[in-house]
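# Examination of the molecular architecture
The lines below spell out each chain.
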Amino acid sequence: MRVKVMKFGGTSMATAEARFASAVKVASAKEQGFSPVVVVSAIGRKGAPYATDTLIGMLRDIDPAVEPDPREMDLMIACGEIFSAVIFAHTLKTLGHPAQAFRGGQAGIRTDGVFGNARIAGINPVSVQGSIERGFIPVICGFQGVFVAEPGAPGGELTTLGRGGSDTTASAMGAALNAEAVEIFTDVDGVKTADPDYVPGAPTLRKVSYDEVAEIAHLGAKVLHPRAAEIAMKFGIPLWVRNTFSEDQGTEVVA
(Lines give C-alpha, C1' and ligand atoms only; values in the text may rest on other atoms or scores of the structure.)
Protein backbone atom coordinates (compact mmCIF):
# COMPACT_ATOMS: atom_id res chain seq x y z
CA MET A 1 0.00 0.00 0.00
CA ARG A 2 1.73 3.17 -1.25
CA VAL A 3 0.15 5.85 0.92
CA LYS A 4 0.42 9.52 0.03
CA VAL A 5 -1.04 12.03 2.48
CA MET A 6 -2.42 15.12 0.71
CA LYS A 7 -3.42 18.13 2.83
CA PHE A 8 -5.55 20.92 1.35
CA GLY A 9 -5.80 24.31 3.08
CA GLY A 10 -8.70 26.74 3.33
CA THR A 11 -8.12 28.37 -0.07
CA SER A 12 -8.09 24.92 -1.72
CA MET A 13 -11.52 24.24 -0.16
CA ALA A 14 -13.00 27.76 -0.59
CA THR A 15 -15.09 27.34 -3.76
CA ALA A 16 -16.55 24.55 -5.88
CA GLU A 17 -13.87 25.31 -8.52
CA ALA A 18 -11.08 25.10 -5.93
CA ARG A 19 -12.44 21.83 -4.56
CA PHE A 20 -12.62 20.43 -8.11
CA ALA A 21 -8.95 21.41 -8.70
CA SER A 22 -8.04 19.72 -5.40
CA ALA A 23 -10.03 16.59 -6.27
CA VAL A 24 -8.21 16.34 -9.63
CA LYS A 25 -4.86 16.29 -7.74
CA VAL A 26 -6.16 13.43 -5.56
CA ALA A 27 -7.48 11.50 -8.58
CA SER A 28 -4.11 11.97 -10.30
CA ALA A 29 -2.28 10.48 -7.28
CA LYS A 30 -4.61 7.47 -7.38
CA GLU A 31 -3.96 7.00 -11.10
CA GLN A 32 -0.21 7.02 -10.35
CA GLY A 33 -0.69 4.00 -8.08
CA PHE A 34 -0.85 5.74 -4.71
CA SER A 35 -3.47 5.26 -2.01
CA PRO A 36 -4.30 8.90 -1.26
CA VAL A 37 -5.26 9.94 2.27
CA VAL A 38 -6.66 13.48 2.29
CA VAL A 39 -6.54 15.96 5.19
CA VAL A 40 -8.63 19.13 4.90
CA SER A 41 -8.83 22.52 6.58
CA ALA A 42 -12.04 24.47 7.10
CA ILE A 43 -13.60 26.08 4.01
CA GLY A 44 -12.21 29.52 3.18
CA ARG A 45 -10.76 32.28 5.31
CA LYS A 46 -12.23 34.81 7.76
CA GLY A 47 -15.65 36.04 6.58
CA ALA A 48 -16.53 32.80 4.78
CA PRO A 49 -19.54 31.23 6.56
CA TYR A 50 -17.76 28.08 7.80
CA ALA A 51 -14.23 29.46 8.27
CA THR A 52 -12.66 28.96 11.70
CA ASP A 53 -12.55 32.71 12.46
CA THR A 54 -16.23 33.08 11.49
CA LEU A 55 -17.23 30.29 13.91
CA ILE A 56 -15.12 31.85 16.68
CA GLY A 57 -16.82 35.21 16.03
CA MET A 58 -20.31 33.69 16.23
CA LEU A 59 -19.58 32.50 19.76
CA ARG A 60 -17.73 35.62 20.95
CA ASP A 61 -20.36 38.00 19.51
CA ILE A 62 -23.06 36.62 21.83
CA ASP A 63 -21.46 38.72 24.61
CA PRO A 64 -17.94 40.10 24.06
CA ALA A 65 -17.54 40.50 27.84
CA VAL A 66 -17.89 36.76 28.47
CA GLU A 67 -15.01 34.56 27.29
CA PRO A 68 -16.24 31.26 25.80
CA ASP A 69 -15.23 28.05 27.55
CA PRO A 70 -12.29 26.42 25.70
CA ARG A 71 -14.10 23.06 25.59
CA GLU A 72 -17.17 24.62 23.96
CA MET A 73 -14.96 26.63 21.58
CA ASP A 74 -13.28 23.42 20.39
CA LEU A 75 -16.68 21.83 19.69
CA MET A 76 -17.68 24.95 17.75
CA ILE A 77 -14.62 25.38 15.56
CA ALA A 78 -14.25 21.66 14.79
CA CYS A 79 -17.47 22.02 12.77
CA GLY A 80 -15.51 23.88 10.05
CA GLU A 81 -13.36 20.85 9.20
CA ILE A 82 -16.36 18.50 9.46
CA PHE A 83 -18.23 20.54 6.82
CA SER A 84 -15.11 20.55 4.67
CA ALA A 85 -14.39 16.81 4.92
CA VAL A 86 -17.95 15.73 4.09
CA ILE A 87 -18.24 18.15 1.16
CA PHE A 88 -14.85 17.14 -0.25
CA ALA A 89 -15.56 13.41 0.16
CA HIS A 90 -18.80 13.87 -1.79
CA THR A 91 -16.95 15.91 -4.44
CA LEU A 92 -14.56 12.97 -4.96
CA LYS A 93 -17.54 10.60 -5.17
CA THR A 94 -19.12 12.70 -7.94
CA LEU A 95 -15.87 12.26 -9.92
CA GLY A 96 -16.09 8.49 -9.60
CA HIS A 97 -13.80 8.04 -6.59
CA PRO A 98 -15.60 6.62 -3.51
CA ALA A 99 -14.49 8.50 -0.39
CA GLN A 100 -15.25 8.51 3.35
CA ALA A 101 -15.05 11.46 5.74
CA PHE A 102 -13.52 10.99 9.21
CA ARG A 103 -13.42 13.27 12.22
CA GLY A 104 -9.97 13.35 13.83
CA GLY A 105 -11.11 10.98 16.57
CA GLN A 106 -12.63 8.56 14.04
CA ALA A 107 -9.27 8.55 12.24
CA GLY A 108 -7.66 7.38 15.50
CA ILE A 109 -6.00 10.63 16.58
CA ARG A 110 -5.64 10.78 20.38
CA THR A 111 -4.46 13.97 22.07
CA ASP A 112 -3.70 15.38 25.49
CA GLY A 113 -6.49 17.33 27.19
CA VAL A 114 -5.40 20.90 26.38
CA PHE A 115 -8.44 22.41 24.68
CA GLY A 116 -7.53 24.85 21.89
CA ASN A 117 -3.87 23.78 21.67
CA ALA A 118 -3.76 19.99 22.11
CA ARG A 119 -0.77 17.87 21.21
CA ILE A 120 -1.11 14.50 19.48
CA ALA A 121 -0.38 11.70 21.98
CA GLY A 122 -0.75 8.83 19.52
CA ILE A 123 -2.55 7.63 16.39
CA ASN A 124 -4.22 4.27 15.82
CA PRO A 125 -5.26 4.52 12.15
CA VAL A 126 -7.12 1.18 11.84
CA SER A 127 -10.31 2.78 10.50
CA VAL A 128 -8.36 4.74 7.88
CA GLN A 129 -6.41 1.64 6.80
CA GLY A 130 -9.67 -0.35 6.60
CA SER A 131 -11.23 2.38 4.48
CA ILE A 132 -8.30 2.29 2.01
CA GLU A 133 -8.46 -1.53 1.83
CA ARG A 134 -12.18 -1.32 0.97
CA GLY A 135 -11.40 0.99 -1.97
CA PHE A 136 -12.27 4.35 -0.41
CA ILE A 137 -10.25 7.58 -0.24
CA PRO A 138 -10.26 8.66 3.43
CA VAL A 139 -10.87 12.40 3.93
CA ILE A 140 -9.79 13.38 7.45
CA CYS A 141 -10.71 16.54 9.35
CA GLY A 142 -7.47 18.36 10.05
CA PHE A 143 -6.74 20.22 13.27
CA GLN A 144 -8.64 17.87 15.61
CA GLY A 145 -8.50 14.76 17.75
CA VAL A 146 -10.02 13.34 20.90
CA PHE A 147 -8.90 13.20 24.50
CA VAL A 148 -9.99 10.22 26.56
CA ALA A 149 -9.67 11.19 30.23
CA GLU A 150 -9.75 7.65 31.61
CA PRO A 151 -10.01 4.16 30.11
CA GLY A 152 -13.59 3.24 29.35
CA ALA A 153 -14.81 6.85 29.27
CA PRO A 154 -17.58 7.22 26.68
CA GLY A 155 -16.54 8.79 23.37
CA GLY A 156 -13.81 11.11 24.51
CA GLU A 157 -13.61 14.90 24.39
CA LEU A 158 -13.12 16.64 21.05
CA THR A 159 -9.91 18.75 21.04
CA THR A 160 -8.23 21.00 18.48
CA LEU A 161 -4.52 21.31 17.78
CA GLY A 162 -4.11 25.10 17.59
CA ARG A 163 -3.92 27.29 14.49
CA GLY A 164 -2.24 25.65 11.50
CA GLY A 165 -2.98 22.28 13.09
CA SER A 166 -4.14 20.65 9.84
CA ASP A 167 -0.49 20.55 8.70
CA THR A 168 0.33 18.74 11.95
CA THR A 169 -2.51 16.26 11.32
CA ALA A 170 -1.11 15.53 7.84
CA SER A 171 2.45 14.92 9.05
CA ALA A 172 1.31 12.78 11.98
CA MET A 173 -0.99 10.68 9.76
CA GLY A 174 1.91 10.31 7.33
CA ALA A 175 4.06 8.91 10.15
CA ALA A 176 1.28 6.62 11.45
CA LEU A 177 0.56 5.22 7.96
CA ASN A 178 4.24 4.99 6.93
CA ALA A 179 3.43 7.22 3.94
CA GLU A 180 5.77 7.64 0.97
CA ALA A 181 5.21 11.41 1.08
CA VAL A 182 3.15 14.16 2.67
CA GLU A 183 2.07 16.95 0.32
CA ILE A 184 0.80 20.27 1.69
CA PHE A 185 -1.33 22.04 -0.95
CA THR A 186 -1.82 25.79 -0.74
CA ASP A 187 -2.28 28.80 -3.04
CA VAL A 188 1.44 29.48 -3.65
CA ASP A 189 3.98 27.41 -5.61
CA GLY A 190 5.96 26.43 -2.52
CA VAL A 191 8.29 27.99 0.02
CA LYS A 192 9.37 31.41 -1.28
CA THR A 193 12.42 33.55 -0.50
CA ALA A 194 10.01 36.23 0.81
CA ASP A 195 6.30 36.71 1.54
CA PRO A 196 4.66 36.78 -1.94
CA ASP A 197 1.99 39.19 -0.60
CA TYR A 198 4.75 41.80 -0.19
CA VAL A 199 7.28 40.61 -2.79
CA PRO A 200 5.16 39.39 -5.74
CA GLY A 201 8.10 38.11 -7.78
CA ALA A 202 9.80 36.19 -4.94
CA PRO A 203 11.30 33.00 -6.35
CA THR A 204 10.27 29.54 -5.13
CA LEU A 205 12.91 27.50 -3.32
CA ARG A 206 13.14 23.97 -4.76
CA LYS A 207 14.60 22.43 -1.59
CA VAL A 208 14.70 23.59 2.01
CA SER A 209 15.70 21.70 5.16
CA TYR A 210 13.24 20.72 7.88
CA ASP A 211 15.17 23.01 10.24
CA GLU A 212 14.91 25.98 7.87
CA VAL A 213 11.18 25.59 7.29
CA ALA A 214 10.53 25.15 11.03
CA GLU A 215 12.58 28.29 11.74
CA ILE A 216 10.79 30.50 9.18
CA ALA A 217 7.45 29.16 10.45
CA HIS A 218 8.38 30.12 14.03
CA LEU A 219 9.31 33.57 12.66
CA GLY A 220 5.81 33.98 11.24
CA ALA A 221 5.79 32.48 7.73
CA LYS A 222 2.42 30.80 7.28
CA VAL A 223 3.43 28.36 4.55
CA LEU A 224 3.84 25.37 6.94
CA HIS A 225 3.28 24.76 10.64
CA PRO A 226 6.58 24.18 12.52
CA ARG A 227 5.18 21.13 14.35
CA ALA A 228 4.44 19.53 10.96
CA ALA A 229 8.07 20.00 9.89
CA GLU A 230 9.31 18.60 13.22
CA ILE A 231 7.16 15.44 12.92
CA ALA A 232 8.22 14.87 9.28
CA MET A 233 11.89 15.30 10.26
CA LYS A 234 11.58 12.90 13.23
CA PHE A 235 10.06 10.14 11.08
CA GLY A 236 12.04 10.90 7.89
CA ILE A 237 8.95 11.51 5.75
CA PRO A 238 9.47 13.41 2.46
CA LEU A 239 7.43 16.60 2.76
CA TRP A 240 6.32 18.77 -0.16
CA VAL A 241 4.68 22.19 -0.35
CA ARG A 242 2.73 22.54 -3.61
CA ASN A 243 0.16 24.74 -5.33
CA THR A 244 -3.37 23.37 -5.81
CA PHE A 245 -3.87 25.66 -8.80
CA SER A 246 -0.70 25.00 -10.85
CA GLU A 247 1.49 22.15 -12.04
CA ASP A 248 4.60 23.66 -10.44
CA GLN A 249 6.77 20.97 -8.80
CA GLY A 250 6.77 22.92 -5.52
CA THR A 251 9.28 22.81 -2.68
CA GLU A 252 10.73 19.62 -1.22
CA VAL A 253 11.52 19.73 2.49
CA VAL A 254 14.54 17.50 3.21
CA ALA A 255 16.94 16.56 6.01
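In case you missed it, the structure is sitting above this.
Criteria and thresholds
- Residues numbered from 1 in each chain as written.
- Predicted model: local features only at pLDDT ≥ 70, side-chain atom pairs only at ≥ 80, totals over all residues.
- Heavy atoms only, no water.
- Helix = DSSP H or I, 4+ residues; strand = E, 2+ residues; numbered from the N terminus.
- Rg over C-alpha atoms; globule rule 2.2 N^0.38 Å.
- Buried < 20%, exposed > 50% of the residue type's maximum accessible area, 1.4 Å probe, protein only.
- Contact = heavy atoms within 4.5 Å.
- Pairing = 2+ DSSP bridges.
- 1 Å grid on protein atoms, 1.4 Å probe; cavity = no way out; pocket = protein on both sides within 12 Å on 5 of 7 lines; lining within 4 Å.
- Points joined across faces, edges and corners; volume = space filled by probe spheres on them.
- Nonpolar A, V, L, I, M, F, W, Y, C, P; charged D, E, K, R; others polar.

## Structural notes on the overall build of the chain
Across its full length, the chain holds eight helices and twelve strands. Since a compact globule built from 255 residues should have a radius of gyration of about 18 Å, the 17 Å found for the chain is in line with a globular shape. Each of the three principal axes of the chain carries a C-alpha extent, and together these read 45 × 45 × 35 Å. The 255 residues of the chain split such that 51% are buried. Contacts in the chain between residues far apart in sequence, at least 24 positions, make up 70% of those at least 6 positions apart.

## Regarding unusual backbone geometry
Positive phi outside glycine occurs at Phe143, with the angle close to 75°. Along the chain, Phe143 falls in the loop between strand 6 (137–141) and strand 7 (144–147). We note that Asn178 has phi near 55°; this positive angle belongs to a residue other than glycine. Looking at the secondary structure, you find Asn178 in the loop between helix 6 (165–176) and strand 9 (181–186). According to the relative accessible area criterion, Asn178 is exposed, its value standing at 66%.

## A closer look at the pairing of strand 12 (residues 251–254)
Alignment of strand 10 (residues 207–209) against strand 12, held across three bridges, turns out to be parallel. Along strand 12, the bridge assignment pairs Lys207 with Glu252. Direction of pairing for strand 11 (residues 239–243) relative to strand 12: antiparallel, over a ladder of three bridges. Pairing of Val241 across the sheet is with Thr251, part of strand 12.

## With respect to the layout of surface pockets
Reported here for the largest pocket is a volume of approximately 1,200 Å³. Along its surface, the largest pocket is lined by 42 residues, and Arg45, Thr186, Lys222, Val223 and Leu224 are the ones closest to its centre. Among the elements of the structure, helix 1 (10–13), helix 3 (52–60), helix 6, strand 9 and helix 7 (210–218) are those that each provide at least two residues to the lining of the largest pocket. Its residues assigned to classes, the lining of the largest pocket shows 16 nonpolar, 14 polar and twelve charged.

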